[in-house]
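# Overview (structure and organization)
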Amino acid sequence: MIIMEKGATSEQIKHVVSEIKKHGLRADISRGEFRTIIGLIGDESRISFTHLAALPGVKEARMIETPYKLISREYSELFEGKDESRIVEVGDIRIGGDEPVFIAGPCAIESKAQIFRIAEEVKKAGAHILRGGIFKPRSSVHSFQGLGALGDEEAREALSWLRDAGQKFGMPVMTEVRGESQVDLIAEYVDILQVGARNMYHQDMLSSIARKGKPVLFKRHFGASVEEFLSFSEYIAAEGNKDIILCERGIVPVGKGNSYTRYTLDLVAVPVVQKETYLPIIVDPSHAAGRRDLIFDMSCAATAVGASGLVIEVHYNPAEALVDAQQMITPDELGRIITTCKQIKKLVASDKKKIAVA
Ligand code: PEP
Ligand code: MN
């Protein structure tokens, strides 16, 4: 990190950046309220810190040891001078603010009628953002892969249904990008690009997605530590895109025998991530539990530990869904969850304030 003097000129900032680039590294420039900070991206052993520290306008060259410095609290504190969290704005929806945000919709889009009906019903239940898979990551090549797998035309058609359903019912939309070749196409239609758990490690895809400049929902891989989770989200930030919404969705259960749930929802990751980074984190109880009878409880728990929102799979007739039928809830159940979680969020927020004052 290069910390510039308060009165550093733009010429001096440009000079530091050109020195960084000369050594084959990239620069992340953050202009805060108080000062400008320049983050180095790349192999730092190629450049001398004492050389950078001696350049005109530089106050200090400081090492930040975490592998995810651009999204770390330490970084934002340097240029903002205070303990601020980032709010990711999607249209007029604010993720990371005082109000919890609810993203809901089917696991997979199956028809125009299905996505329009679900959109209407989740909106009525209080959802803010519409989700729906078009390129589905599936364990078996023999199962339904999403409408996107049928061909380019079918993919475009499904994407336009999602976009139009969102527009009709006043919700931004989100779908998963499963491969690098889908990035341009999907970015034409949606407001949030979703990175699924299985692609958390796909660094080239992360960079391409980030360069679209749209908010990214970034899911934790089920075998990843929190450090790996944050380190890979840094690939998005390194492209200058810090509109990252982190998402905890369960990790692989331990022990032998029946684990009773699809994954283990790692809720302690929520406050840990919030201490490490200024990015918002939301929770997906659907894929973690894999059972509809647990979604209400886990939604409440996730909100209580401070999640900024939830992403939940919803269908008007869960039994008929082609993918993840066993974890889908009805719009009515979603409405109950939203009402309860809003109350929990308020309660926890006011309690936290009290603790801070004490
Ligand atoms: C999804 O949200 O549609 C999904 C496949 O989830 P995950 O990547 O968490 O398994
Ligand atoms: Mn699913």
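## Describing the overall build of the chain
Each helix and strand counted, the chain has 12 helices and 14 strands in total. Relative to the globule expectation of 21 Å for 358 residues, the C-alpha radius of gyration of the chain, 21 Å, shows essentially globular dimensions. Reported as C-alpha extents along the three principal axes, the dimensions of the chain are approximately 65 × 55 × 45 Å. In the chain, buried positions account for 53% of the 358 residues. In the chain, once contacts between residues fewer than 6 apart in sequence are set aside, the share between residues at least 24 apart is 67%. For the chain, the accessible area works out to roughly 15,800 Å², and carbon and sulfur atoms hold 50% of it. Averaging the locations of the 46 positively and 49 negatively charged side chains of the chain gives two centres separated by 2 Å.

## Observations concerning the packing of helix α4 (residues 112-125) against helix α5 (residues 152-169)
Across the interface, α4 lies against α5 with an axial gap of 9 Å and an inter-helix angle of 30°. Relative to α5, the element α4 lies roughly parallel. As for the relative orientation of α4 and α5, their crossing is right-handed in sense. In this structure, α4 uses Lys112, Ile115, Phe116, Ala119, Glu120 and Lys123 to contact α5, whose residues at the interface are Trp161, Leu162, Asp164, Ala165, Lys168 and Phe169.

## Some details on the coordination of the manganese ion (ligand 2)
Around a metal, the ideal angle is 109.5 degrees if four donors adopt a tetrahedral arrangement and 90 or 180 degrees if six donors adopt an octahedral arrangement. With distances of 2.0 to 2.3 Å, the protein atoms coordinating the manganese ion (ligand 2) are Cys107 (SG), His287 (NE2), Glu313 (OE) and Asp324 (OD). Mapped onto the sequence, the donors of the manganese ion (ligand 2) take the spacing C-x179-H-x25-E-x10-D. Pair noted here: His287 is in helix α10 (residues 285-289) and Asp324 is in the loop between β14 (309-313) and α12 (331-357), with a separation of 37 residues, a long-range link.

## Considering the domain arrangement of the chain
What the domain assignment lists for the chain is domain 1 (2-63) and domain 2 (88-357). Taken over C-alpha atoms, the centre of domain 1 sits 36 Å from the centre of domain 2. Each side of the interface is counted separately: domain 1 has four residues, and domain 2 has four residues. With its nearest N and O atoms 3.4 Å apart, the salt bridge here joins Glu239 to Arg26. Between the two partners, domain 1 and domain 2, sit three residue pairs in polar contact (both at pLDDT 80 or more). Per element, the largest residue contribution to the side of domain 1 that touches domain 2 is three residues, and it comes from strand β2 (residues 26-31). Taken together, the residues that form the side of domain 1 that touches domain 2 break down as one nonpolar, one polar and two charged.

## Section: the site of ligand 1
The local shell around ligand 1 consists of Arg131, Lys136, Pro137, Glu176, Gln194, Gly196, Ala197, Arg198, Lys219, Arg249, His287 and Glu313. Between Arg249 and ligand 1, the recorded distance is 2.6 Å, taken from a side-chain N or O atom to an oxygen atom. Coverage of ligand 1 by the protein amounts to 97% of the 290 Å² it exposes when considered alone. Across the shell around ligand 1, the residue classes tally to two nonpolar, three polar and seven charged.

## A word on the pairing of β2
Pairing analysis gives six bridges linking β2 to strand β3 (residues 36-41), with the strands arranged antiparallel. From the neighbouring strand, Ser30 faces β3, where its bridge partner is Ile37. Hairpin remark: β2 followed by β3, antiparallel, with four residues in the connecting loop.

The rules we used
- Residues numbered from 1 in each chain as written.
- Chains lettered and ligands numbered in written order.
- Predicted model: local features only at pLDDT ≥ 70, side-chain atom pairs only at ≥ 80, totals over all residues.
- Heavy atoms only, no water.
- Helix = DSSP H or I, 4+ residues; strand = E, 2+ residues; numbered from the N terminus.
- Rg over C-alpha atoms; globule rule 2.2 N^0.38 Å.
- Buried < 20%, exposed > 50% of the residue type's maximum accessible area, 1.4 Å probe, protein only.
- Contact = heavy atoms within 4.5 Å.
- Areas by Shrake-Rupley, 256 points an atom, 1.4 Å probe, with all protein chains shown as cover.
- Lys, Arg positive; Asp, Glu negative; His and termini not counted.
- Charge placed at Lys NZ, Arg CZ, Asp CG, Glu CD.
- Axes fitted to C-alpha atoms, helices over the stretch in contact; angles between N-to-C directions.
- Parallel < 35°, antiparallel > 145°, perpendicular 65-115°, else oblique.
- Left-handed = near helix turned anticlockwise from the far one by under 90°.
- Donors = N, O, S within 2.8 Å, 3.2 Å for Na, K, Ca; no water.
- Domains from an automatic or database assignment.
- Salt bridge = Lys/Arg side-chain N within 4 Å of Asp/Glu carboxyl O.
- Polar contact = N/O pair within 3.5 Å; in protein donor to acceptor, adjacent residues only side chain to side chain.
- Nonpolar A, V, L, I, M, F, W, Y, C, P; charged D, E, K, R; others polar.
- Near = heavy atom within 4 Å.
- Pairing = 2+ DSSP bridges.

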